[in-house]
Every structure is written in C-alpha cells, then in structure tokens.
There are 2 protein chains.
Amino acid sequence: MMPGDRSIERKGDRGILLGDLAKKSPEKLQEYLKKLHPSDLAEAFPALNLAQRVKILRSIEPEDAARVIFDLDREMVVPLLEGLGRQRTAKILEGMPGDDAADLLGELPRGEKEKLLGIIAAAEAREIRMLLAYGTETAGGIMTTEYAAVQKDLTGRQAIQALRETAREAEIIYYVYVVNQNNQLIGVFSLRELIIADPEAPVELIMHTGVISVNVRTDQEEVARQVAKYDFLAIPVINDDHELLGIVTIDDILDVIEEEATEDIMRLSGNIDLEGEEYEVRTWRRAAKRLPWLVGLLFGGLMAGNVINFFSGALETMTILAFFIHILAGGPGNAATQSLAVVVRGLATGEVGSEDVLKVIWRETRVGVLIGLVSGVVMAVTAYIWQGIPLLGLVVGLSLAVSIVIATLLGSFIPLIIHRLGIDPALASGPFITTLMDITSMLIYFSLASSILLR
Amino acid sequence: MMPGDRSIERKGDRGILLGDLAKKSPEKLQEYLKKLHPSDLAEAFPALNLAQRVKILRSIEPEDAARVIFDLDREMVVPLLEGLGRQRTAKILEGMPGDDAADLLGELPRGEKEKLLGIIAAAEAREIRMLLAYGTETAGGIMTTEYAAVQKDLTGRQAIQALRETAREAEIIYYVYVVNQNNQLIGVFSLRELIIADPEAPVELIMHTGVISVNVRTDQEEVARQVAKYDFLAIPVINDDHELLGIVTIDDILDVIEEEATEDIMRLSGNIDLEGEEYEVRTWRRAAKRLPWLVGLLFGGLMAGNVINFFSGALETMTILAFFIHILAGGPGNAATQSLAVVVRGLATGEVGSEDVLKVIWRETRVGVLIGLVSGVVMAVTAYIWQGIPLLGLVVGLSLAVSIVIATLLGSFIPLIIHRLGIDPALASGPFITTLMDITSMLIYFSLASSILLR
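Note that this is a predicted model, so its numbers are computed, not measured.

### Description of a negative patch on the surface
Together, E137, D219, D255 and E259 of chain A line one region of the surface with negative charge. Looking at where E259 of chain A falls in the secondary structure, it is placed in helix α16 (residues 250-268).

This is the structure we're talking about:
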C-alpha cells in the first residue's frame, strides 16, 4: 500500500462498509480489518451495533483491541467490555500501557474494577493499582512505569545491550534515564546520543545532569506546561526522595492539553459538562447537560428584571430608558467575557502565573478604564443624537463607562481568585459573570437615571 | 544539581536577579546564565531591558540564543535582532532548526528578511526559502527537513552506521523512514525496532509499509489531528508524487494545538486578536485589540434598542414588558453560546467533520427544542406567578422557547457553514451571535406581546 492511500476512504463510508461486511461476509471482514489501523477502526465503531463491535474486537489481537477501546468514547466502552466478557477484557487490559489501563479501569464501577484486577496478571495488576492510587489529574495518574533506565556505571555498549533486553517493555526509550544504586534519578541521555557516543565510555560521561523532572503529585496541567516549555518527548516523575517512579510521555500531554482547552471553552460558554459532550449521546442527555446553567441564568436575568421593576416609576415616566437596556447589558457583559478569556487562556498556557494576581488586575484595570471611556463617549454622543436629550446621553455614557470598568475587573479578578483558591472553576463561567454584570449595570443605569434625569 | 532543583526559583525573582547581575557583575551573570536552560532564560527576559537582553544573547552559544529567541513573544524579537546586528542574527538563525528559522524570518519586514537570507549559509538559506514558500499554516510550513531516512536495501547494521553519521543533523531520529531510489516513501521503523532487530537483516524486513503521511499542502490543524489520533511522535510530509519532503514533529504539533485552542477561545469571547494577547504589550494596544468588537456590538445593542423603540407604544401601555427584556435577551444568547462552543470544539478536535453538517444541525435542533420547551415552561409559570397575568406568562414562555430554538440552530449552523466555506472565522464570534439573537428575540417578544396582550 502506498503512503497516504488510507486517507482516501471517508470515515462514514468505512462505517457503512464495515456494517455490511459484518452482516454478509465474516471472512471479508477479517481481511479488511487486518489492513486497518486501530485508530481508524475506532472511528468506524459508532456506525456498528454492539454485537458487531464485540465480534470485531474478538477477532483481532488483544493489543490492537486495547488500542481501539482506548480511542472510543467512554460511553461506548462499558457495554462493550460486558459483551466481551471478563477473561477477554483482562487480556485486553494486559495489552495496554499501564497508564491507559488505569484510566479505563478508573471509570468502571468499583465491583467490576476489583473483579477485573483479580484476573489480570499479578505484575500488571500491581502497577495499575499503584497508578489508580494517585489522583487521575496528577503526574502520578498519567505516568507510565514502562521507561528505560540504566545504572550509572554501565558503558555505552552495555547500555545498548541492556536496552535491547528491556526495549519491548518500555513505552518509549527515546530518553534513557540514569539512576544510582538507590534508584535516584541522576542523569539522562537520548538514544541518539548513545548511538553516536564511544561504545566503551561509561554512560556517566554521556549523560546530562540537572534533569528537569516533576513530582508525582504535580497537577497534570503543570506537567503539560513543563513538557511544552522545554519541548520534551517525555518528563521523568520522581517522589520526594528523588526516586524515579515513571515518565509522562508527550502523547499523553497532547491529550491533557486538548482536555484542558475543552474544559476552558466549555466553562467560558456555560456548558455544565466540563469535559465536553460525547458525540454519541442521546438528545435528552445533551439537553440535561446544558439546562441547569441555562435555567439558572434565566433566574439571574429575572433578578436584573427585578431591578427594572424596582425602578418602574422611572421607566413609566421615561419609556426611552428601555431603549438602552440592551446596550447597558450587552457592553459590560462582552467586556467581561473578553477579560475572562484573556486571563483564563493566560492561566492555561502558563503566561499568567497565580503569583501575578495584582499585576494582572492592575493591567486589566487600565485597559478597562480606557475601553470604558471610549465606549462611554461613543454611546453618550449616539444617545444624544438619537433622542436629542443631552442629560440622557450623559446617563447612558456614564453608566456604560462605569459598568465596563467593573466588568473588566470582575472578568479578570474572578478567574484569578478561583485559580488561586482552587475552588470549582465552573464558577468562573462566562455566562455567570455576564449575568452578574447585567444586574450590576441595571442598578447603575437606573440609579443614575433616577438621580440625574428625574430629579 | 539534583533533579527538580531548578523549579525552586520563581520566574519573577529570577528576572530581578538577572537584572541586578547584568548591572553589577557581568562575570557573575555569565556564571549564572551557564546554569540556566534557554527556556528558563526566555521566561526571565521581560524583566530585562533591551541592552541587557542583547548583552546576554551575545555571551551565550548561538544554538542556545536561538532557543531563547524562539521562545520569546514575537513583539520582543524584532528590536532584539536589530540590537544584535545582522552577522550575529545570521549565526543564530543557522543554529535553529529550519522550520523555526523560517517561522521567525516570516515575521520580519521583507527587506530585512532578504538581507539576512543573503548572509546565512547557502544550504540553510535554501531550506528556509523552501519552507517560506509553503503557507505558514500548512504541513509544508511547519515541517522540518532534518529527518532520518535510509535506502531500502541497507542492512540493520548499515542503517545504524548511516544514522550515526546523520544523527547530528536530524532533529529527531526516533522514526527512520525508508525510501526507494526515487526518494518515494515506502516504509518506516523505529529506532527501538532497529536496535532489537537482527543486525544483518535488510531494513525492508524490519520496516512497516502503508505509512500514514500528510500532503505538504495539508492544513496544520488537520496535521495535528492526525498526529494526535495515531499518537505519533512525528508524521512524514510528502508531495503529490509520494516523495518524502520532511517531517512534522510532535513538539510543533503541541504548539499548533495551543495556538488553535487560543484562537477558538478568543473568537468565542469576541477578542479581535485571534492569536491571543501578548503579555508585554502596552495598555492602549490591548484596548485597541478589544475595542472594535466592543463598540461594534454596542451598535448591535442599539439595533435591539431600536426594536423596542419601534414597539414603544406597547411598552408605554405595559411597562412590565420591560422586566422580561433581560430574560429574552440572556436566555437565547446563552443557548447560542453553548451550541457554538460544542460545535467549534468538535470541529477543532475532529469529532465533527465538515461532512457532518446536516447531522449536527439536526442533532442541535432536537436539543434546542427540548431546552427551549423546558425553559419556556419554567419562565411562563414564573412570569405568571410574579405578575399574576396568565397571558403575559404565555407571551414570555412562548417567545423564550422560540428564540432558544432559533439560537441553538444559529449557534451550530454559523460555525459549520463558516468552516465549510473557509471564510474568516471571526464571524463566528460568540458576542456576534448573541447580539444577533438579542435583536431577533426582541422582535419575537414584542411582536407576540403586541398581538396577544394588546389586541
């Protein structure tokens, strides 16, 4: 097969083809599956029914089945494992890297998890138990224990020999770590450096010291930042005694970065499910994930309406006040969302550290004053031209300016504080802050209108 | 130095320390810099002035200086290169991988770029020119030409020998590509497979065929999806004749994913600068990046106000209509943002393909009808209880439900269509869609109110 050929087929077509084959010709299906990369197979799975999925996974190698299962949406996995039966599932879990197996098991019901761990080969089970013990979002939770390490007193030739023996185990041997007799991490070299080095020199001469590593309890977002910053392929994970426990590889970091970006986007847009929507879920479940925020925010809007209700005397005297409600609600809301996005993104990429709180708030305040002033003046003039009442222009412009300054402050302050305190980040949701601003700006607008226009 | 020691210093402190050293004791500065990883040095740069930055970059190896410069915000780079002078800059560019050098040069003024290319060593300059010829957001623009490839008729031992000779050049030799006499890609093996294989067997027996590759013109987002999907460390780039041109490595993919996620977040929040804000920029420039959308949206709000103005007769008769303006504006706006985020994220991670337009819209419509109905009923009951007018409850509930359905549709339809047509994605901005919904929902609300309540 020539390179690139695979991309010619569309994933939808492939699903239909698979379904057809599974029904009509089991032999042709086997033939076809052998040519497919597990990740492509996983993409075609939504088009198949459960019986077909089980049949296919039974007919391919456990290692490939492991890869397919790991790529599937989690919602598909549980019934699939049930269909496969415990013995086959245990085989498949043994074929996965330990960190992936722990990930999968972590999402199964407790009883099922324990039963499976009882069947899996002892060594793998022990490793999975250890990984499960760390938090799923820490370095320990995403690391693999299959790394390449050598003792410091080996020569280059001996090291190559040692790696030949362990290479089948190690998920990635592109970095080789050097440890002392206490298993403490003291150095690192790349396979490339080993290959081009003098085979008789001890690895201590090839290795780099001052290895950059992360603690086993470090948050996965921080691990991702370190790997991205230094352009590493893997980063070693150590405990408080500097003992080497595992490595986090860049392909897992890719997943972390995708996951955290999705989390930020869902949070900013007020989707309740911070991990994003699965694409195979039924309508009512999708709706259930969006409704709580939506209805909650409607009641927030009701509070803003209540403010108007409180000032209904003013509104009855001057109905034109209502024409500017959208501007007073929308402008500050948008300004808050802009600040929020800039700060949330800065926190995610590491450009803003939690130690920079005051600096960032001061910076956003200056920006807020500037955009508040410009917007206020523009709208004051517009309102004056539209309605011909100078004082109305003043009220609209002034309340818009003040609201935008407050909005910019809130939009930067809230995510920073939440990040620092480690509270549930859903509170920093974009719609929550805009709704808060709706209420605030209505208070400012109608108070100013009452005291300036209706004295 | 023990692993992890480096993380003890805070980046702010380090900047101050560097500034101090640069002023007082150039020798100690040299000492200190030698211990620092280039990426850490880059993080400390904002705290230094231009003269100090130039001095430091002159005193370290060109390769390290290259790494520091590549990590800096682009706004800092141009004055820095001017300060360094053309000869030194050329040396530094030669020390960078070709793709990074092309990236940097691509952002310099045309005249300056040509002058630098004239000084750089001919081979490097040729490579950079070739990379610059591809679009910066294509596989060709982000690939490196420093890869490891061997002819198909070598043995394992000969391949190791060949790699020893080229390893210093190749950015990453963890995959070794196999080509035929026409330089067409026919296979791939990993260094691990080479090491554990029989040294006398020809590489044709070790290699995997059916290599997954991308075309040189493929969009970088698609390249990132392929690499993430297959968990590759690098993906080969070929032209239409299947000739191997280069590879895209996973560290560059990490940058692409960060960049695309930032772009999505900025777009959803209505920040005009799609690439995010640089953190060293002055207040007025930050404000200038946010103001155009903000003021544009204010005029959008004015249009919603105009709708109210059109119905001011209705409003004067029933001031209570104003109490629900926030609910009718906020609810549909939030629903639109939720849909938008789900679809935009789905497009980014590849879970939604552009071929799925109708499927996604149909799915979002069902979700929209469900959340519209629930929200509508909840608000109808609330409005009735609050104001005691059954018909008012009907108007509020009905217009909310209809608006939310439309909002969900718009929130999914607009990004999908834009993605398919390849138009400027800024149009899919969250605030743009919410403002559009403000106008639409006011029309629906006041039309229904006029025809039901005020007949």
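### Observations concerning empty space enclosed by the protein
If you walk through the whole model with that rule in mind, you get eight cavities of 30 Å³ or more. The space that makes up the largest cavity amounts to roughly 590 Å³. If you go around the largest cavity, you meet 40 residues; those closest to its centre are N334 and T434 of chain A together with G333, N334 and T434 of chain B. At the level of secondary structure, the elements contributing two or more residues to the lining of the largest cavity comprise α16, α17 (283-310), α19 (325-349) and α22 (430-453) of chain A together with α16 (250-268), α17 (283-310), α19 (325-349) and α22 (430-452) of chain B. Counted by class, the lining of the largest cavity contains 16 nonpolar, 22 polar and two charged residues.

### Some details on the environment of N49 of chain B
Structurally, N49 of chain B is set in the loop between α3 (38-44) and α4 (50-59). A distance of 2.8 Å separates a polar atom in the side chain of N49 of chain B from the backbone nitrogen of Q52 of chain B.

### Brief notes about the sheet that holds strand β6 (residues 244-249) of chain B
Residue and element names in this part refer to chain B. With mixed pairing, the three strands of this open sheet are ordered in space as β4-β5-β6. Each of the sheet's edge strands pairs with one partner strand only, and the pair in question is β4 (214-215) and β6. The pairing of strand β5 (residues 234-238) with β6 spans five bridges and is classified as antiparallel. Bridge assignment links V237 to a residue of β6, and that residue is G246. The strands that helix α15 (residues 220-230) touches are β4, β5 and β6; relative to β5, the one it contacts most, it runs at about 135 degrees.

### Concerning the pairing of strand β5 (residues 234-238) of chain A
Residue and element names in this part refer to chain A. Judged by how many residues are buried, β5 sits mostly within the fold: five of five residues are covered. The alternating pattern of β5 places A234, P236 and I238 and I235 and V237 on opposite faces, both of which are buried. Both strand β4 (residues 214-215) and β5 contribute to a ladder of two bridges, which runs parallel. Residue V214 lies in a different strand from β5, and its bridge partner there is V237.

What counts and how
- Residues numbered from 1 in each chain as written.
- Chains lettered and ligands numbered in written order.
- Predicted model: local features only at pLDDT ≥ 70, side-chain atom pairs only at ≥ 80, totals over all residues.
- Heavy atoms only, no water.
- Patch = residues over 30% accessible without salt bridge, like charges linked within 9 Å, V, L, I, M, F, W, Y side chains within 5 Å.
- Areas by Shrake-Rupley, 256 points an atom, 1.4 Å probe, with all protein chains shown as cover.
- Salt bridge = Lys/Arg side-chain N within 4 Å of Asp/Glu carboxyl O.
- Lys, Arg positive; Asp, Glu negative; His and termini not counted.
- Charge placed at Lys NZ, Arg CZ, Asp CG, Glu CD.
- Helix = DSSP H or I, 4+ residues; strand = E, 2+ residues; numbered from the N terminus.
- 1 Å grid on protein atoms, 1.4 Å probe; cavity = no way out; pocket = protein on both sides within 12 Å on 5 of 7 lines; lining within 4 Å.
- Points joined across faces, edges and corners; volume = space filled by probe spheres on them.
- Nonpolar A, V, L, I, M, F, W, Y, C, P; charged D, E, K, R; others polar.
- Polar contact = N/O pair within 3.5 Å; in protein donor to acceptor, adjacent residues only side chain to side chain.
- Pairing = 2+ DSSP bridges.
- Contact = heavy atoms within 4.5 Å.
- Axes fitted to C-alpha atoms, helices over the stretch in contact; angles between N-to-C directions.
- Buried < 20%, exposed > 50% of the residue type's maximum accessible area, 1.4 Å probe, protein only.

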